[in-house]
Structures are given as structure tokens and as C-alpha cells.
Amino acid sequence: MRGRFITFEGVEGCGKSTQLAHLRDWMEEAGLPVLATREPGGTKVGEGIRELLLTPREEGLDAATELLLYEADRAQHVSEVIRPALEAGTHVLCDRFFDSTTAYQAFGRGLDEEMVLELNRMASGGLVPDLTLLFSVLLEEGLNRARGGSSGDRLEGESLAFHRRVQAGFMVLANREPGRFHALDEGAIEQVHEEVVAIVKERFEWAGNPSAARTRP
Ligand code: TMP
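Residues numbered from 1 in each chain as written. Predicted model: local features only at pLDDT ≥ 70, side-chain atom pairs only at ≥ 80, totals over all residues. Heavy atoms only, no water.

**A short note on the site of the ligand**
Taken together, the neighbourhood of the ligand is formed by 14 residues, with E12, Y70, R96, T101 and Q105 sitting nearest. For the ligand, an oxygen atom lies 2.8 Å from a polar atom in the side chain of Y70. Here R74 contributes a side-chain N or O atom positioned 3.4 Å from an oxygen atom of the ligand. Protein chains bury 92% of the 480 Å² of accessible surface belonging to the ligand in isolation. In this structure the site holding the ligand corresponds to the largest pocket. Elements represented by at least two residues in the shell around the ligand include exactly α2 (44-54), α3 (63-87) and α4 (98-108). Examining the composition of the shell around the ligand, we find that four residues originate from one element, α4, more than from any other. (Near = heavy atom within 4 Å. Polar contact = N/O pair within 3.5 Å; in protein donor to acceptor, adjacent residues only side chain to side chain. Areas by Shrake-Rupley, 256 points an atom, 1.4 Å probe, with all protein chains shown as cover. 1 Å grid on protein atoms, 1.4 Å probe; cavity = no way out; pocket = protein on both sides within 12 Å on 5 of 7 lines; lining within 4 Å. Sits in = over half its atoms within 2 Å of the grid points. Helix = DSSP H or I, 4+ residues; strand = E, 2+ residues; numbered from the N terminus.)

**What about a negative patch on the surface?**
A cluster of acidic side chains, namely E141, D185, E186 and E195, defines a negative patch on the protein surface. Mapping E141 onto the fold places it in helix α6 (residues 139-147). Looking at E141, the relative accessible area reads 41%, which means it is partly exposed. (Patch = residues over 30% accessible without salt bridge, like charges linked within 9 Å, V, L, I, M, F, W, Y side chains within 5 Å. Salt bridge = Lys/Arg side-chain N within 4 Å of Asp/Glu carboxyl O. Lys, Arg positive; Asp, Glu negative; His and termini not counted. Charge placed at Lys NZ, Arg CZ, Asp CG, Glu CD. Buried < 20%, exposed > 50% of the residue type's maximum accessible area, 1.4 Å probe, protein only.)

Shown next as C-alpha cells:
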């Protein structure tokens, strides 16, 4: 059976990467085949693109260049990693996917949304997540956390107004597709993890019985 594709979305510092790691651990314990990956990145080509995208640069990066780099990263990631894994029956957890492009490049940068959606479709080859978990955080707090006391990477260094547009964009997307999105309130790491587990158990009928875990050497 084809694996399930779950994406983790939200603004900077929302805790999605921590939650992804916790769900991966839980799935491994439950004996479910799982692959954790991220965008930008996830492939050799993609890690190079990630560096291009996130390094702060004096000369700036044209918004169209930025958009196309995220899409180029995605095209490689889907064809090299995500699709083969799903077809082999492995569940894929992905830290950001095309909803980030719609939220950051369309809502944040102001690029034409229809054009962004079309490029999303092209780069993902029509692949759509089975479930998208949207994490929330108080924006100022999340940005402080993500920047970790410095000015942060190129995107983290954007204005609060930019990140507010991104956050509002994510909410628009979640409301547009309530069947695919599940928005989670901010909370303690363990509490949010339990909620995530409850969602995937219900949605995919996964059992969390540790006795089903693979025998470890
Ligand atoms: P992160 O994975 O550490 O959050 O860093 C990725 C950064 O790239 C983050 O600021 C969001 C941004 N981003 C976009 O602007 N568009 C995209 O399509 C993706 C995947 C990420």
C-alpha cells in the first residue's frame, strides 16, 4: 500500500520541526515505516539550493528567483525522494511543502497566487499531502526563538509585517481545505505531540501499540 504523506507547516519558531521528530519516533516505535525530510533540502541538490535561499545577502534575491528556487528544490525532492518512498509503502513526514510557498511567496511577497499555485502543481507533479498539520505560535515569540539571539537567516530577518502576512496566509489556506489541514493550538511540546498522535491514529487508523514495534537488536 502507498505510504501516507504528512506535511508540517507554520511560521518561524512554531515548533513544527520538533513535532515532526517526535512523530517520527512514535511511528518507529509503532513499527510504521517512516521517512523524515524537509524543504528546502532533502536532497543533495536541495541542500545546495537551501544554502542559496537562506544565506543573507547584500545584493538581495529577486522574488521570482526565490520562488523558482523553492520550486526547483521541490521538483527534485518529489521525484528523487518523496514519490519513490511513498510508492515503496513508506510514510513521509515533510517539514514544509508547497503550502509554505503559497504562504511566503504569494501572501508574504505578494506574488500572483494563481501563478504560485500553478508552479506548485508543476513542481510537485500533482502530489498533494494526505494531511497537513499547521502549528501556531505568537509571532514575536516564534521569531525570537528561530533567530536565537542573532538576526537569523534571510527569511527570519524579514519584517514582522511580512511574517504577519505569511501567518494570515496559512490560515486562509487551512480554511480553504479543512479536509486536508488540521490546525493545532500552541501548547507544551508533550501536549501538542499527544494531539498529533491522536489525529494520525484517527485519520489513518494507525495503532500506537508499542508491542507492535519492530524488534530492536
Ligand atoms: P525552516 O525550514 O528552517 O523554517 O526554513 C525555511 C525557510 O524558507 C523559512 O523561512 C520558510 C521559507 N520557505 C519559503 O519561503 N518558501 C517555501 O516554499 C519553503 C519550503 C520555505
